[in-house]
Amino acid sequence: MSQSTPADSKPGSLSRRTFLKSIGTSAAATAAARIETVAQELEKVNAERVYGPSAVPITLQVNGRDLKLTVEPRVTLLEALRGHSSFIGSKEVCDRGTCGGCTVLLDGRPAYSCMKLAIDAQGQAVTTIEGLAQGTKLTPVQLAFIEKDAMMCGYCTPGFVMSVTALLEKNPHPTLEEIRHACAGNLCRCGTYPRVVEAALKAQGGD
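Residues numbered from 1 in each chain as written. Predicted model: local features only at pLDDT ≥ 70, side-chain atom pairs only at ≥ 80, totals over all residues. Heavy atoms only, no water.

*Asks:* Just checking my understanding: could you explain the overall build of the protein for this structure?
*Replies:* A tally of helices and strands in the protein yields six helices and five strands. Mapped from its N terminus to its C terminus, the protein presents α and β elements in the order α-β-β-α-β-β-β-α-α-α-α. In the protein, which comprises 207 residues, the proportion classed as buried is 34%. Once local pairs closer than 6 in sequence are excluded, the contacts in the protein between residues at least 24 apart make up 51%. (Helix = DSSP H or I, 4+ residues; strand = E, 2+ residues; numbered from the N terminus. Buried < 20%, exposed > 50% of the residue type's maximum accessible area, 1.4 Å probe, protein only. Contact = heavy atoms within 4.5 Å.)

Written out as structure tokens, the structure is:
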């Protein structure tokens, strides 16, 4: 007497056991591939040179010249400038990236130097307030700040000058709103914001 063949055993059919085996095989292959990828990334990380905690030599390009320093990797760009060189124009105020007193230009863009590690600033063009004037010849922005008396205690002034300078280099004729936006990251505890705006307008010929 012939025995009947189960439906899942017919030629061309896929049994539950085969289906589950195929899922398990695919999952294992995917997991293995992911593990291999993670292992490769870990190898890259482990191959990278580790700096510190001792001081290491670095070279910064500040105001068009190489500045060679030996600092700990934890030292910020602001600390390197103020504590290890003669570029003290960038001011340390909040040291938390909220006031803009330490603003410098990195490749022409404003940045808080207190939030940038000096070792990570290598390879970028750093411009400080000292790097704007050509000898005794001040820039239009600096002259406008003087003419419009856009300073009171003056401690925040370098940061404002750097922010306005970056704005005008990118946009020579900004609107009032664009000037305010560019200076939004700079705080003046004396409250001389209106005169800062007037100086920015003067520097771009808007007054």
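Okay, back to it.
*Asks:* Explain the environment of Arg109 to me, please; I cannot follow it from the model alone.
*Replies:* Residue placement: Arg109 occurs in strand 4 (residues 109–112). Its relative accessible area of 64% is what places Arg109 among the exposed residues. Separated by 16 residues in sequence, Arg109 and Ala125 place their C-alpha atoms 9.8 Å apart.

*Asks:* Would you take a moment to explain a nonpolar patch on the surface for this structure?
*Replies:* Taken together, the side chains of Leu138, Leu143 and Ile146 make up a nonpolar region of the molecular surface, amounting to roughly 260 Å² of accessible area. Following the sequence through the fold, Leu143 ends up in helix 3 (residues 140–147). Given the relative accessible area of 44%, Leu143 is considered partly exposed. (Patch = residues over 30% accessible without salt bridge, like charges linked within 9 Å, V, L, I, M, F, W, Y side chains within 5 Å. Areas by Shrake-Rupley, 256 points an atom, 1.4 Å probe, with all protein chains shown as cover. Salt bridge = Lys/Arg side-chain N within 4 Å of Asp/Glu carboxyl O.)

*Asks:* Is there a simple way to explain helix 6 (residues 193–203) in this structure?
*Replies:* Residues that lie three or four places apart on an α-helix share one face, since the helix turns once every 3.6 residues. Taken together, the buried positions of helix 6 are Val196, Val197, Ala199 and Ala200. Burial along helix 6 is one-sided: seen end-on, the buried residues are contained in an arc of 160 degrees. (Arc of directions from axis to C-beta.)

*Asks:* How should the nonpolar core be read in this particular structure?
*Replies:* Judged by nonpolar contacts, the single largest core of 22 residues is most densely connected at Val141, Phe145, Phe160, Val161, Val164 and Val196. Secondary structure elements with two or more residues in this core: helix 3, helix 4 (157–170) and helix 6. Setting aside residues up to four positions removed in sequence, Phe160 forms contacts with Phe145, Cys183, Asn186, Leu187, Cys188, Tyr193 and Val196. Among the nonpolar cores identified, the runner-up in size contains 18 residues, and Val56, Ala80, Leu81 and Ala118 belong to it. (Core = buried A, V, L, I, M, F, W, Y, C linked by side-chain atoms within 4.5 Å.)

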